[in-house]
Number of protein chains: 2
Amino acid sequence: MIEYPLPVLDAATRERFETALYGLMAYRELTAFERLSSDARFSPTLADRDALARLAVEEFRHYELVRERIAAAGRDPQAAMEPFVASIDALHERTRPGDWFESLMKAYVIDSVSGDFYQAIALALDEEARVLVSEVQSIDAQTLWLRERLHDALGDDPRLGSRLALWGRRLLGEALTQARRIGDRHAFWDTLIPMPPGPERDARVAKLFARLVENHSRRMGDLGLTA
Amino acid sequence: MIEYPLPVLDAATRERFETALYGLMAYRELTAFERLSSDARFSPTLADRDALARLAVEEFRHYELVRERIAAAGRDPQAAMEPFVASIDALHERTRPGDWFESLMKAYVIDSVSGDFYQAIALALDEEARVLVSEVQSIDAQTLWLRERLHDALGDDPRLGSRLALWGRRLLGEALTQARRIGDRHAFWDTLIPMPPGPERDARVAKLFARLVENHSRRMGDLGLTA
């Protein structure tokens, strides 16, 4: 995803960077669990409700994985999550799904964009961190179900398609804005891109974001939607 | 819990009765999961939020246990749950917690009363059904946490005590009304108490409910509250 030379981090920077990434991931997965499970009860059928609840429980499992990793490193998971509470909560408030399909779409878009973002950040960390990110990001049975369910629903209803395409763009915009802000505030770019701030570094940050957008477009294309 | 002679059920009655009990349990556990996890985000601290989310995931595990049992018997879990959707949803609507402590209390009261009710119903079924009920009802680490957390909060704040005592009574009233209605509508009493409808059978149903109230009072007493 990133071609430029990766940074070699000293122990203190590495620890700070890792704690920030893990705190961000843990809090995002916890809130994804809470929001998805709240939305589950508006599902059209009991089978859909079951599936969305399962998806939520999967997000909780991811949260637990990351939380355990933070605790195993002798750090406090609550303290690690705290700096991300306000911005993640704000993202959720600005992206409240209007119905069940918008909930599915939110899970599909935000989980994927976040996963790509974590992956880009984890490049500066060791193999263990990259494995953790890929576990949290894994395309499992639930995610496949999500894509198929959306795909089927869109096939049945062209108007839903234009509504969800619009919603998908809004979700992407909010997710990227948030990722950008979090990266600025927590000095992710300083750590990730070993060069002084300036136009060249900005171009590299921009390139990272361009990749996030590209992956998103491909995923929207998988649904038959234009990003 | 019940001293009178237990019924001997023919295969068709037993199957109908078991499907009704399991459908009720599955839907109640699924909705308990959805409601608790929605409430989790209003928790005062991240640690409390973590604990409530864990409690919700535990309810989902119970749902899955029952759902699998229904499916293993070759029946359709959705169809088994369907008859209970309206009444359980109505119960939740009438018992929306006003804050995090009311959520805890709701889990504490409704889970316990429901568990006692399932247990009374399962007496008419076989060992396998009784084991399933006790798994769903089990006092595990999460439930103990719930009791301790409430106990501590009540010790710190006497005004919270009188508010939660009132809330507990309301929860009990709603749970008993619902249990009574469900029992009437699904002919639980006919099956459970092998005698014709009439004052004697009514007295036995009343005795079953008296036990639910008694257990509830003991549990409220454990919190230092008057039921």
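For every chain, the first residue of the written sequence is number 1, and numbering continues from 1 onward in sequence order. All chains are assigned letters beginning with A, and all ligands numbers beginning with 1, in the order in which they are written. Reporting in this predicted model follows two pLDDT cut-offs: at least 70 for local features of residues, and 80 or more for side-chain atom pairs to be given and counted; totals over whole chains, interfaces and linings ignore these cut-offs and use all residues. Hydrogens and waters are ignored; side-chain quantities use all the structure's heavy atoms.

## Looking at the packing of helix H7 (residues 141–156) of chain B against helix H8 (residues 158–185) of chain B
Residue and element names in this part refer to chain B.
In step 1: Each axis is a line fitted through C-alpha atoms, taken for helices only over the stretch in contact, and angles between the N-to-C directions span 0 to 180 degrees. Helix and strand labels come from DSSP, where a helix needs a run of H or I of at least four residues and a strand needs a run of E of at least two; each type is numbered from the N terminus. In the contact formed by H7 and H8, the axes pass within 5 Å of each other and the chain directions differ by 125 degrees. Overall, the two elements H7 and H8 adopt an arrangement that is oblique. Between H7, through Leu-150, Ala-153, Leu-154 and Asp-156, and H8, the contact on the second element is made entirely by Pro-158, Leu-160, Gly-161 and Leu-164.
In step 2: A class-by-class count of the residues in the contact of H7 with H8 yields 6 nonpolar, 1 polar and 1 charged. Orientation is classified from the angle alone, with under 35 degrees giving roughly parallel, over 145 giving roughly antiparallel, 65 to 115 giving roughly perpendicular, and any other angle giving oblique. Contacts were defined at the residue level, with two residues in contact if any of their heavy atoms lie within 4.5 Å. Residue type decides the class: Asp, Glu, Lys and Arg count as charged, Ala, Val, Leu, Ile, Met, Phe, Trp, Tyr, Cys and Pro as nonpolar, and the leftover types, Gly among them, as polar.

## Description of the interface of chain B and chain A
In step 1: Every contact between the two is made by 28 residues of chain B and, on the other side, 28 residues of chain A.
In step 2: Both faces considered, chain B and chain A share a buried interface measuring about 2300 Å² in area, 53% of it formed by carbon and sulfur atoms.
In step 3: Should a side-chain nitrogen of Lys or Arg be within 4 Å of a carboxyl oxygen of Asp or Glu, the pair is scored as a salt bridge. Summed over the shared surface of chain B and chain A, the number is 6 salt bridges.
In step 4: For B:Arg54, the salt bridge is made with A:Glu64, and the minimal N-O distance between the two is 2.4 Å.
In step 5: Polar contact criterion, stated in full: a pair of N or O atoms within 3.5 Å, where within protein one must be able to donate a hydrogen and the other to accept it, and residues adjacent in sequence count only if both atoms are side-chain atoms. At the junction of chain B with chain A, the criterion picks out 14 residue pairs in polar contact (both at pLDDT 80 or more). Buried surface area refers to the total accessible area, computed with a probe of radius 1.4 Å, that the two partners give up upon joining, counted for both partners together.

## Notes on the relation of the copies chain B and chain A
In step 1: Superposing copies: least-squares fit, C-alpha atoms only, residues required to have pLDDT of at least 70 in both. Overlay of chain B on chain A (RMSD 0.0 Å): rotation 180 degrees, translation along the axis 0.0 Å. Considering both components of the superposition, the chain copies are consistent with a two-fold axis. Across chain B, the rotation axis passes nearest the C-alpha of B:Ser38, at a separation of 2.4 Å.
In step 2: Looking at chain B, 100% of its interface residues are interface residues in chain A too, so the copies touch through the same face.

## Some thoughts on the packing of helix H5 (residues 100–122) of chain A against helix H10 (residues 199–222) of chain A
Residues and elements named next belong to chain A.
In step 1: Their axes nearest at 10 Å, the elements H5 and H10 cross at an angle of 145 degrees. Crossing of H5 over H10 shows right-handed handedness. Contacts between H5 and H10 involve Met-105, Tyr-108, Val-109, Ser-112, Val-113, Asp-116, Phe-117 and Ala-120 on the former and, on the latter, Leu-208, Phe-209, Leu-212, Asn-215, His-216, Arg-219, Met-220 and Asp-222.
In step 2: By residue class, the composition of the contact of H5 with H10 is 10 nonpolar, 3 polar and 3 charged. Helix crossings are classified by the rotation of the near helix relative to the far one: an anticlockwise turn of less than a right angle makes the crossing left-handed, while a clockwise turn makes it right-handed.

## Re the pattern of salt bridges
Should the charged atoms of two oppositely charged side chains come close, the side chains can pair.
In step 1: As enumerated under the stated definition, the model contains 46 salt bridges over all chains in all.
In step 2: Measuring nitrogen to oxygen at the nearest pair gives 2.4 Å for the salt bridge that ties A:Arg14 to A:Asp126. With A:Arg14 in helix H1 (residues 11–40) and A:Asp126 in the loop between H5 and helix H6 (127–137), this residue pair connects regions lying 112 residues apart in the sequence.
In step 3: With a 1.4 Å probe rolled over the protein chains alone, any residue whose accessible area is under 20% of its type maximum counts as buried; one over 50% counts as exposed, and the rest are partly exposed. In this structure A:Arg14 comes out as partly exposed when scored by relative accessible area, which is 25%.
In step 4: Note that B:Glu174 and B:Arg94 form a salt bridge whose closest N and O atoms lie 2.6 Å from each other. On the criterion of sequence distance, the pair formed by B:Glu174 in helix H8 and B:Arg94 in helix H4 (residues 85–94) is long-range, its members being 80 residues apart.
In step 5: Shared partners join several salt bridges into a network, and the residues in it are A:Arg14, A:Glu15, A:Glu18, A:Arg75 and A:Asp126.

## Comments concerning the packing of aromatic side chains
The description of two aromatic rings rests on the distance between their centres and on the angle between their planes.
In step 1: Between rings of Phe, Tyr and Trp, where Trp is taken as its six-membered ring, a pair exists when centres lie within 6.5 Å; planes separated by under 30 degrees are stacked, by over 60 edge-to-face, and by other angles tilted. Following the criterion strictly, the structure yields 19 aromatic pairs over all chains and no others.
In step 2: Taken together, a centroid distance of 6.3 Å and an interplanar angle of 75 degrees make the contact between A:Phe117 and A:Trp189 edge-to-face. Within this pair, whereas A:Phe117 is found in helix H5, its partner A:Trp189 is found in helix H9 (residues 188–192), the two being separated by 72 residues in sequence.
In step 3: Among the residues examined, A:Phe117 registers a relative accessible area of 4% and is labelled buried.
In step 4: Centre to centre, the rings of B:Phe60 and B:Tyr63 are 5.4 Å apart; their planes meet at 45 degrees, and the pair counts as tilted. Here B:Tyr63 and B:Phe60 lie together in helix H2 (residues 46–72), a separation of 3 residues that amounts to about one turn. Assigned by exposure class, B:Phe60 and B:Tyr63 land together as buried.
In step 5: Members of the aromatic cluster, each reached through a chain of ring pairs, are A:Phe33, A:Phe60, A:Tyr63, B:Phe33, B:Phe60 and B:Tyr63.

## Some points on the nonpolar core
In step 1: By nonpolar core we mean a set of buried residues, namely Ala, Val, Leu, Ile, Met, Phe, Trp, Tyr and Cys, connected to one another through side-chain atoms within 4.5 Å. Counting 149 residues, the largest nonpolar core has A:Met105, A:Phe117, B:Met105 and B:Phe117 as its most contacted members.
In step 2: For B:Phe117, the residues in contact, after removing those within four places along its chain, are B:Leu24, B:Ala179, B:Phe188, B:Trp189, B:Leu208, B:Phe209 and B:Leu212.

## Describing helix H6 (residues 127–137) of chain B
All names here are of chain B.
In step 1: Considered for burial, the residues of H6 that qualify are Ala-129, Leu-132, Val-133 and Val-136. The buried residues of H6 occupy one face: seen down the axis, they fall within an arc of 100 degrees.
In step 2: Each element contacted by the buried residues of H6 is listed here: helix H1 (11–40), H2 and helix H5 (100–122). The arc under discussion is defined with respect to the helix axis, by the directions toward the C-beta atoms.

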